[in-house]
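# Notes for the structure review
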Amino acid sequence: MAERMVISEENFYELLSFMVTSAHLSIEEPELYGSFRLIDGACRLIEFALESGQLRDEDFVREFKEYADARKHSMMTDEPGYVWFLEEATGKLAEELKRQATEQ
Amino acid sequence: MEVFEAIRNRRSIRRFTDQPLPKEALDTLLEAARWAPCGGNLQRWRFVVVTSPSTKKLMKKFAPGIFDMPAAFIVVCVQIVQGKHHRDEATYMADCSMAAENIMLQAHAMGIGTCVALSYAKIAIRKILNIPEDVDPMLLITLGYPAEAPETPPKLTLPEIAFSDEYGKEWK
């Protein structure tokens, strides 16, 4: 695992404005939107991490992003499916981090 | 294109090609907005059309509900008037929504995709576009040539939403 990872200043401000604006909008938007902004933000973070080229193992995050991008919009049409996707996504991440911890 | 065909087949488009929109197309869309109905014929709506790449990029940073860079934004604003012509926010929103629907249907008829965004930081858009204090940005429309063909979302049936003569009485 990389000791330090740097993203570009442009991407930093992109993520910063996304997070601050989402925090602001979440006060009045439907409850589920806050959850959506977080998973969408996670996808954006992955995109910037991949762009930086500093990840030791890109395969998992690349696949995870594809998986999340394909399912996150179900928030608008299939709430139970969306809720299940979030649980499954968290499980996938836990499995990967456990695998990484075991390898170290 | 028939009006009902445009209404029936329009979808919210969130992925766009890089192709810019011709000025003439934007003129037509603004004309469509200009002819929308509005309360008291006050026509307090104002439209800011943004095609500058740097301004679009800046706006997108403060609109987390926008996932792709559109060819243009139309910010539907309202100029608030005080005194006897003052209207409440719901009236202004209704006027702006009717203008926005005209824009979206006309755009669809011209092969242009659109989506209305409400998830944006009003204060940021106000600062970026130098919108004065007495003007309120109400809706943000993204526009561009579609790079996707979304499936029809589930819609409630008429008996679920329409009633005959009194609320709750079945529509036949």
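Shown above is the structure to which this text applies.
### Focus on unusual backbone geometry
Residue and element names in this part refer to chain B. Positive phi is not limited to glycine here, since Q43 has a value of about 50 degrees. One non-glycine residue with positive phi stands out, namely N130, at about 55 degrees. Structurally, N130 is set in the loop between α5 (122-128) and β4 (135-144). Looking at N130, the number of C-beta atoms within 10 Å reads 8, which means it is exposed.

### Quick look at the packing of helix α2 (residues 31-52) of chain A against helix α3 (residues 58-71) of chain A
Residue and element names in this part refer to chain A. Interhelical geometry of α2 versus α3 gives an angle of 145 degrees and a closest axis separation of 10 Å. As α2 packs across α3, the resulting crossing turns out to be left-handed. Contacts between α2 and α3 involve I39, A42, C43, I46, E47, A49 and L50 from the first element and E58, V61, R62, F64, K65, A68 and D69 from the second. Grouping the amino acids of the contact of α2 with α3 by side-chain chemistry returns nine nonpolar, no polar and five charged.

### A short note on the interface of chain A and chain B
Contact residues are listed per partner, giving ten residues for chain A and eight residues for chain B. The biggest single contributor to the side of chain A that touches chain B is helix α1 (residues 9-26) of chain A, with seven residues. By residue class, the composition of the side of chain A that touches chain B is two nonpolar, five polar and three charged.

### Digging into the environment of R37(A)
In this fold, R37(A) is placed in helix α2. Spatially, the C-alpha atoms of R37(A) and E10(A) are 20 Å apart, while their sequence positions differ by 27 residues. Discounting chain neighbours no more than four positions away, the residues touching R37(A) are S22(A), S26(A) and P64(B).

### Regarding the sheet that holds strand β3 (residues 113-117) of chain B
Residues and elements named next belong to chain B. Here we have four strands laid out as an open sheet, ordered β1-β2-β4-β3, and antiparallel in their pairing. The strands lining the two open edges of the sheet, one partner per strand, are β1 (45-50) and β3. Averaged over all neighbouring strand pairs, the angle between strand axes comes to 25 degrees, with direction disregarded. Bridge count between strand β2 (residues 72-79) and β4: eight bridges; the pairing is antiparallel. Counted as the bridge partner of V75 is L140 from β4. Relative to β4, helix α4 (residues 89-109) is tilted by about 15 degrees, and along the sheet it contacts β1, β2, β3 and β4.

### Some remarks on the packing of α1(A) against α2(A)
Residues and elements named next belong to chain A. The interhelical angle for the contact between α1 and α2, taken along N-to-C directions, is 175 degrees, at an axis separation of 10 Å. By the angle between their axes, α1 is roughly antiparallel relative to α2. Residues N11, L15, F18, M19, S22 and S26 of α1 touch α2, and the partners they reach there are Y33, G34, R37, G41, R44, L45, F48 and E51. When the residues that make up the contact of α1 with α2 are grouped by side-chain class, the tally is six nonpolar, five polar and three charged.

The rules behind each value
- Residues numbered from 1 in each chain as written.
- Chains lettered and ligands numbered in written order.
- Predicted model: local features only at pLDDT ≥ 70, side-chain atom pairs only at ≥ 80, totals over all residues.
- Helix = DSSP H or I, 4+ residues; strand = E, 2+ residues; numbered from the N terminus.
- Buried ≥ 20, exposed ≤ 12 C-beta atoms within 10 Å, placed from the backbone.
- Axes fitted to C-alpha atoms, helices over the stretch in contact; angles between N-to-C directions.
- Left-handed = near helix turned anticlockwise from the far one by under 90°.
- Contact = placed C-beta atoms within 7 Å.
- Nonpolar A, V, L, I, M, F, W, Y, C, P; charged D, E, K, R; others polar.
- Pairing = 2+ DSSP bridges.
- Parallel < 35°, antiparallel > 145°, perpendicular 65-115°, else oblique.

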